[in-house]
Amino acid sequence: MKRAKRINLFFFLVASVLAVVYALPFVMVLLNSVKDKRAVRNDPLGLPTEWQWSNFTEAIRKMDYWQALGNSLLVTIIAVVAIVATSSMLAYYLARSRTKFSAVTFLVLVASMVVPFQALMIPFVGLFGERGLNLPSNQFSLAFFYVGFGVALSTFLYHGFISNIPYSLDEAAAIDGASPFRTFRTIILPMLGPVTATVSIINSLWIWNDFLLPSVVLIDTDQKTLPLKTFVFYGKYTSDYGLAMAGLLLSMIPIVVFYFLMQRRIIAGISAGAVK
Amino acid sequence: MEFNVSMRSRRQEVQRFAVFALIPLAIFALVLVVPFVRGVYFTFTDWDGFDVTKVVGFDNYAAVFQDQPFWSSLTLTLAYVGASLVLVNVVAFGLALLVTIPLRGVGALRTTFFIPNLIGGVILGLIWQFLFGQALPVLAESSGIPIFQDNWLLDTNTAFWAMVIVTVWQMSGYMMIIYVTALMSIEPELLEASLIDGTNALQTLVYMKLPLMAQAFTISLFLTMRNAFMGYDLNLALTGGNPYRTTELISMHVFKEAFGFGNFASGQTQAVIMFVVISIAAITQVIVSKRFEIER
């Protein structure tokens, strides 16, 4: 037993060293976010000697932080709520219908998951841009697109869960005279809590960090999301890394806070969402 | 009274469709199916982003097949996918073994390994641009270990490995979670049984744990491959395709071809080829790894 304990301790030390390596980039960001540009260039590894807090106020201004944060929150919340609503209903329909149509639809949804956005983004501009359907360049259009891209995986996850809910519940509700929608809303939906958590978390993380779709569809600077705005620190500010690090730190804070609030659910969501 | 699905009338079926499925499917069709089908059609035309004047058959494909930069980007992407696939999963599995040892504090370790995954590729790319360009060379100088002395992003070869390193750092935590879940779901009785039979730790790992968690490998390999093939933001923020467009992954190549140079038809053709490559790779991978899975 003693030997086993020593071995465990050895592996624990190995893991700790690796953890330091994994955390090091973030430590560098923290350290340098309060240095002026000379201090960053001369001594990027050391502790800051003079704390230049103005990096943060400057970064907030440069990237329109509050506006970008608001935009990101808005699009993520709208999109996730809409994905939960649409895909839970679609999954309920598909799980409870034995027609050939529903079987084919389910297959198409599953197959669509390998289509990369890159194969759609070029037609996207023609289809939804000024010379096509002319959707406005704002958070609502963006959320609408996310529903289109998110519905397949989310429906798949809901489908697996709903298939395990006994059909006798639906029957009982129907005999009591409940309409299909009422059955869904009062009987099925309340049982979907765990899978709704999984669907919300997986979609939130992806939508929050997505860069390519908003960079193709959001033209108006006032509408840009946090990842797009963070990109202002590329190139232009490489002479002032202190400022850039402050900006990057600000961009990271919301999602890290979200993680620590929802840690258990996020880990559970990833484990559950990985069942294919 | 038998009251089952097959007894629903046609009207009820249509009504249910209208209530539950119409809107989700309409959005799915408009956002995903229509652009996809139109996109495939455009590859057979002289589309300029707005109008099609004539159908050109396979001309775009013929042109793309002779396009040297496209092939080097595709080859680079395949190398990147291969390297990421192996390294991300080896590291992730190693981490999973480390953080499942029964000691206090492993929770904090898990969090540390997972955090990079929460953060978007643009931010990670910019952080590592600073590390490779400024911090690591200084560290190399002061510690005397010369490995990161020169900026890795300035040379094609090291810039490629820089992308792989950052990818491993980013993705391994996510795959670690999947492996941890799989490791923890192995019934302890099975492991105890093998312990009584006198197997050592390595034998238990190879003959018991690995086969029992084959499904986790299928999923992780699929996810890693998919993410690596579609990688864009990290590539953009870390190397920007430089030096001299030699580290441009296929995604960025397609983006530049269409939106940078305005070659919409050939950009779309490259995107469709990318889709075909991803599909073939994904299907092959799933078929191959399914063969290792056992029914439980």
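Residues numbered from 1 in each chain as written. Chains lettered and ligands numbered in written order. Predicted model: local features only at pLDDT ≥ 70, side-chain atom pairs only at ≥ 80, totals over all residues. Heavy atoms only, no water.

### Notes on the overall build of chain B
- Secondary structure assignment for chain B yields 12 helices and zero strands.
- Order of helices (α) and strands (β) in chain B, N terminus to C terminus: α-α-α-α-α-α-α-α-α-α-α-α.
- The C-alpha radius of gyration computed for chain B amounts to 24 Å, which surpasses the reference 19 Å derived for 296 residues by more than 25%, pointing to a less compact arrangement than a globule.
- Counting only residues that meet the buried cut, chain B has 52% of its 296 residues in that class.
- For chain B, restricting intrachain contacts to residue pairs at least 6 apart in sequence, the fraction spanning at least 24 positions comes to 68%.
- If you sum the accessible surface of chain B, you get close to 13,900 Å²; carbon and sulfur atoms cover 66% of it. (Helix = DSSP H or I, 4+ residues; strand = E, 2+ residues; numbered from the N terminus. Rg over C-alpha atoms; globule rule 2.2 N^0.38 Å. Buried < 20%, exposed > 50% of the residue type's maximum accessible area, 1.4 Å probe, protein only. Contact = heavy atoms within 4.5 Å. Areas by Shrake-Rupley, 256 points an atom, 1.4 Å probe, with all protein chains shown as cover.)

### Comments concerning the interface of chain B and chain A
- Contact with chain B, which involves 92 residues of that partner, is made by 93 residues of chain A.
- Across the interface of chain B and chain A, roughly 8,200 Å² is buried in total on both sides, 79% from carbon and sulfur atoms.
- When the buried surface of chain B facing chain A is broken down by residue, B:Phe20, B:Leu118 and B:Phe130 rank first, second and third, together holding 9% of it.
- Inspection of the chain B/chain A interface yields zero salt bridges.
- Counting residues per element, the side of chain B that touches chain A draws most heavily on helix 1 (residues 10–42) of chain B, which supplies 19 residues.
- When the residues that make up the side of chain B that touches chain A are grouped by side-chain class, the tally is 65 nonpolar, 18 polar and nine charged. (Buried area = accessible area lost by both parts, 1.4 Å probe. Salt bridge = Lys/Arg side-chain N within 4 Å of Asp/Glu carboxyl O. Nonpolar A, V, L, I, M, F, W, Y, C, P; charged D, E, K, R; others polar.)

### A word on the confidence of the model for chain B
- The predicted model of chain B averages 86 in pLDDT, with 97% of residues at 70 or higher.
- Confidence, read as mean pLDDT per element, is least for helix 7 (residues 188–196) of chain B in chain B (78) and greatest for helix 3 (residues 68–98) of chain B (93). (pLDDT = per-residue confidence, 0-100.)

### Quick word on the confidence of the model for chain A
- Counting all residues, the mean pLDDT for chain A is 87, and 97% of those residues have values of 70 or more.
- Across chain A, the secondary-structure element scoring lowest on mean pLDDT is helix 2 (residues 37–42) of chain A, at 78, and the one scoring highest is helix 4 (residues 65–96) of chain A, at 94.

### Some thoughts on the side chain of A:Asn71
- Relative to the helices and strands, A:Asn71 resides in helix 4.
- With residues up to four places along the chain from it excluded, the contact list for A:Asn71 reads A:Gln139, A:Asp222, A:Gln223, A:Lys224 and A:Thr225.

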